[in-house]
Amino acid sequence: MAANDRKATGKTASTYLELREELLRRDRSLRHKVVSLEEATSFVRDGDSVGIGGSTMSRTPMGMIWALIRAGRKGLTCSRSIVSSDGDLLYASGVCDHMVTSWFSQGILWGVSKVMRHYVESGKARYDEWSHMAMGMRFRAGAMGIPFMPIRSMLGSDVCKQRPEAIEIDCPFTGEKLLLVPALNPDVALIHVQRCDAYGNAQIDGLQFMDVDLAMAANKVILTTERIVSNDQIRRAPDQTKIPFFAVDAVVELPFGCAPHECYGVYEPMLRHMEYYVALVNDDPVKGMQQYIERFVHGPKSWSEFLALIGIDELLEAARAGESIYDA
Amino acid sequence: MLKKHGYSAAELLTILSARQLGDGQVVFAGVGIPLLAATLAQRLRCPGLTILFEGGVIGAFIEPGKLPPSTNDQRCTKRANMVLGSAEVLLLLQRGYVDVGFMGGAQVDQYGNLNSSFIGDPARPKTRLPGTGGGNDIASLAHMIVAMKHEKRRFVEHVDFVTSPGYLRGGDTRRASGLLAGGTFRVVTDLAVFGFEADKRRMQVMSLNPGVSREELQDNTGFRLEFAPHLGVTEPPTDQELALLHELDPERLYTA
């Protein structure tokens, strides 16, 4: 079933056999998958359902989102555990008009995102709110190949009333009330990791958020990575591998690929750039976003040029703070 | 407030809510004042307090002056006992490992329900707020402390939208909706500390903060207040509490 049909019917889970067929069609052999950032955008089609890895300002696949804006993708439905300025960019660029998440603003330091408010309050874009655990259980059900998971939160709340896709039942074993949340199997997942090999064996340091479930739930996975390492290096510490190569379709080496957000152990968020961004876009969500996207997304010739616009001082400062997590 | 007492409303709120925590407890804390208050309690009186964050952290030990911008940042993990997936840490609430949930809110009502989703009619909202995050899960699955600034527009008879459930419509309605465990047991503000009456599950004033009168509190509240039979007066912040708070948040990131 195409993503657009699902959108029209509000149905979020494919049938089990469709899900298996999607997987069968993928080339799951041990093969090199390294592509350029621009090439990776061809794995995402207009109207796709796209799962985004990381959470808030952490391990956001910002470079991939940046490239999708430049490639002019349209009509994506995006899902993520918690959405920050990545959501502003996706809405304002016209790439995404439907966000599925538990929390959507730039960050608690900056109040409520005027960009999110502008698009949602005017009806230009949709924001479906689920509880954080419900998002996790939806990806988990998708990863498990089952159509739903039962949860004990959201019951009795207005969050639940707004989500007819979630179904309340009396447990057949205990008679207790439970809420069934439907599996989420995105067409594509975008995930940024600290390191992976050319086959897509991905190692994640620190906080994993919902990324492992997201990877296994999705019908395609695009990895961006701080660096590509040898398969030998992966095999020296296989316990650190969190996403297996056969779930991965494309690998892009992209240093500082989460900028201006953080990548655990490598760099903290670039807060001066974020402060500049938030002041600009919350002052005027339409013109501010236009200006930002013009200057920082369409302006630079490459991701490196975008990083240069953030500035070497800020990158180094963020990197020093990022590595300090390993100091005693 | 700052001039009158030598501390800000946010500092008072942090210190008073920190006092609600006990040593040995497992507390699930949201970002901002809950995170700061839990850390304050941990450093001052409760070395055995275990702090959980929704980003996937067990046993957080936040460094003074290095407060994280969210509970999903690497700073939350420094010197923690364990990092784990977001779903995994939230499932600890569902399994019952968490003694206290601890969060803030944009709007609260007489039954302790919190709204962080919509101001006005949700179908045509005046303001779309960020949403629940882990708030709904914490409120649904744990006993909860709410810390928030006391303003009439924030303390309303009925919230515009129940994002995180308290006692819903009072009485047995929370349990009847399928929420078998937990419930809000404290609301701490810069004006007073509240509990909940046992049958109706309606908010009641347990103690007034220093210098606050019953009238002043009622004037700043959007519903009729009930006062506990033995109304107390909150102990003011001590020098020790204030000094440690300044050390934890020297840039007043959370306590401005």
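The rules behind the values
- Residues numbered from 1 in each chain as written.
- Chains lettered and ligands numbered in written order.
- Predicted model: local features only at pLDDT ≥ 70, side-chain atom pairs only at ≥ 80, totals over all residues.
- Helix = DSSP H or I, 4+ residues; strand = E, 2+ residues; numbered from the N terminus.
- Rg over C-alpha atoms; globule rule 2.2 N^0.38 Å.
- Buried ≥ 20, exposed ≤ 12 C-beta atoms within 10 Å, placed from the backbone.
- Contact = placed C-beta atoms within 7 Å.
- Axes fitted to C-alpha atoms, helices over the stretch in contact; angles between N-to-C directions.
- Parallel < 35°, antiparallel > 145°, perpendicular 65-115°, else oblique.
- Nonpolar A, V, L, I, M, F, W, Y, C, P; charged D, E, K, R; others polar.
- Domains from an automatic or database assignment.
- Arc of directions from axis to C-beta.
- Pairing = 2+ DSSP bridges.
- Left-handed = near helix turned anticlockwise from the far one by under 90°.
- pLDDT = per-residue confidence, 0-100.

### Section: the overall build of chain B
Argument step 1. Secondary structure summary: chain B contains eight helices and 15 strands in total.
Argument step 2. Here the C-alpha atoms of chain B give a radius of gyration of 17 Å, agreeing with the 18 Å that 2.2 N^0.38 yields for 256 residues.
Argument step 3. Structurally, chain B occupies a C-alpha span of about 45 × 45 × 35 Å along its principal axes.
Argument step 4. Across the 256 residues that make up chain B, the buried fraction comes to 54%.
Argument step 5. Residue pairs in contact within chain B that sit at least 24 positions apart in sequence constitute 66% of those at least 6 positions apart.

### Observations concerning the overall build of chain A
Argument step 1. Along its length, chain A carries 14 helices and 12 strands.
Argument step 2. Since a compact globule built from 328 residues should have a radius of gyration of about 20 Å, the 19 Å found for chain A is in line with a globular shape.
Argument step 3. Expressed as a percentage of the 328 residues in chain A, the buried residues total 55%.
Argument step 4. The contacts of chain A with a sequence gap of at least 6 include a subset with a gap of at least 24, amounting to 75%.

### Looking at the packing of helix α2 (residues 9-18) of chain B against helix α8 (residues 239-248) of chain B
All names here are of chain B.
Argument step 1. For the pair α2 and α8, interaxial distance at closest approach is 11 Å and the crossing angle is 110°. By the angle class used here, α2 and α8 are roughly perpendicular. Along the contact surface, α2 presents Glu11, Thr14 and Ile15, while α8 presents Glu241, Leu242 and Leu245.
Argument step 2. For the contact of α2 with α8, a count of residues per class yields three nonpolar, one polar and two charged.

### Quick look at the domain arrangement of chain A
Residue and element names in this part refer to chain A.
Argument step 1. Split by domain assignment, chain A resolves into domain 1 (3-38 + 67-133 + 186-193 + 204-225 + 242-253 + 268-326) and domain 2 (143-182).
Argument step 2. Computed from C-alpha atoms alone, the centre-to-centre distance between domain 1 and domain 2 is 27 Å.
Argument step 3. Taken together, the contacts link 12 residues of domain 1 with 11 residues of domain 2.
Argument step 4. The set of elements that each furnish at least two residues to the side of domain 1 that touches domain 2 consists of α2 (16-25) and α9 (211-217).

### Remarks on α8 of chain B
All names here are of chain B.
Argument step 1. Considered for burial, the residues of α8 that qualify are Glu241, Leu245 and Leu248. On an axial view of α8, the arc spanned by its buried residues comes to 60°, and they lie on one face. Residues of α8 that are exposed and point over 90 degrees away from its buried face: Asp239, Gln240, Ala243 and Glu247.
Argument step 2. Taken together, the buried residues of α8 touch α2 and α3 (33-44).

### Observations regarding the interface of chain A and chain B
Argument step 1. Residue-level contacts link 50 residues of chain A with 43 residues of chain B.
Argument step 2. Listed by contribution, the elements that provide at least two residues to the side of chain A that touches chain B are α6 (114-121), β4 (126-129), α7 (132-144), α8 (158-161) and α9 of chain A.
Argument step 3. The element contributing the most residues to the side of chain A that touches chain B is α7 of chain A, with five residues.
Argument step 4. Residues of the side of chain A that touches chain B, tallied by class, amount to 22 nonpolar, 17 polar and 11 charged.

### Here's the deal with the pairing of strand β8 (residues 188-196) of chain A
Residues and elements named next belong to chain A.
Argument step 1. In terms of residue burial, β8 counts as a mostly covered element, since eight of its nine residues are buried.
Argument step 2. The sheet contact formed by strand β1 (residues 49-52) and β8 spans three bridges and is parallel. Its bridge partner being in β8, isoleucine 52 is matched across the sheet by leucine 190.
Argument step 3. Of the strand pairs in this sheet, β8 and strand β10 (residues 221-228) are connected by seven bridges, and their pairing is parallel. Residue pairing for β10: leucine 190 is matched across the bridge by isoleucine 222.
Argument step 4. Across two bridges, the pairing between β8 and strand β9 (residues 202-203) is antiparallel.

### Points about the environment of glycine 101 of chain B
Residue and element names in this part refer to chain B.
Argument step 1. By the element assignment, glycine 101 lies in strand β5 (residues 100-103).
Argument step 2. Measuring from C-alpha to C-alpha, the distance between glycine 101 and glycine 30 comes to 8.3 Å, with 71 residues separating the pair along the chain.
Argument step 3. Setting aside its immediate chain neighbours within four residues, glycine 101 contacts Phe28, Ile138, Ala139, Ala142, His143 and Met144.

### Considerations on the packing of α3 of chain B against α8 of chain B
All names here are of chain B.
Argument step 1. Between α3 and α8, whose axes approach to 10 Å, the crossing angle comes to 120°. Relative to α8, the element α3 is oriented oblique. The handedness of the crossing between α3 and α8 is right-handed. Between α3, through Leu36, Thr39, Leu40, Arg43 and Leu44, and α8, the contact on the second element is made entirely by Glu241, Leu244, Leu245 and Leu248.
Argument step 2. By residue class, the composition of the contact of α3 with α8 is six nonpolar, one polar and two charged.

### Here's the deal with the sheet that holds strand β7 (residues 177-182) of chain A
Residues and elements named next belong to chain A.
Argument step 1. One open sheet accounts for three strands, arranged β5-β7-β6; its pairing is antiparallel. Here the strands that pair on one side only, and so sit at the sheet edges, are β5 (148-151) and β6 (167-170). Taking each pair of neighbouring strands and ignoring which way they run, the sheet shows an average axis angle of 35°.
Argument step 2. The sheet contact formed by β6 and β7 spans four bridges and is antiparallel. Note on β7: the bridge partner recorded for isoleucine 169 is leucine 178.
Argument step 3. Packing of α7 onto the sheet brings it into contact with β5 and β7, and relative to β5 it is tilted by some 145°.

### Quick look at the sheet that holds strand β14 (residues 203-208) of chain B
Residues and elements named next belong to chain B.
Argument step 1. If you walk across this open sheet you meet the 10 strands as β4-β3-β2-β1-β5-β10-β12-β13-β14-β15, and the pairing is mixed. Two strands lie at the open edges of the sheet, namely β4 (82-83) and β15 (226-233), each paired on one side alone.
Argument step 2. In this fold α3 packs onto β1 (26-29), β2 (50-53), β5 and β10 (143-147), with an angle of close to 150° to the strand it touches most, β1.

### So, the pairing of β15 of chain B
Residues and elements named next belong to chain B.
Argument step 1. Of all eight residues in β15, zero are buried; the element is thus mostly exposed.
Argument step 2. As judged from the four bridges shared by β14 and β15, these two strands associate in the parallel manner. In the sheet register, valine 205 faces β15, and the bridge partner there is phenylalanine 227.

### Quick word on the confidence of the model for chain A
Residue and element names in this part refer to chain A.
Argument step 1. Per-residue confidence for chain A gives a mean pLDDT of 95; residues scoring 70 or more make up 96%.
Argument step 2. In this model, residues 1-5 is a region of pLDDT below 50 whose contacts with residues beyond four sequence positions or in other chains number nine contacts.
Argument step 3. Here residues 7-12 is modelled with pLDDT under 50, and outside its nearest four sequence neighbours on either side it reaches seven contacts, counting other chains as well.

### What about the environment of serine 58 of chain A?
Argument step 1. In this fold, serine 58 of chain A is placed in the loop between β1 and α4 (62-71).
Argument step 2. Between the C-alpha atoms of serine 58 of chain A and asparagine 231 of chain A, which are 173 residues apart in sequence, the distance is 26 Å.
Argument step 3. Non-local contacts of serine 58 of chain A, meaning those with residues more than four positions away in its chain, are made with Leu207, His261, Glu262 and Tyr264 of chain A together with Asn72 and Asp73 of chain B.

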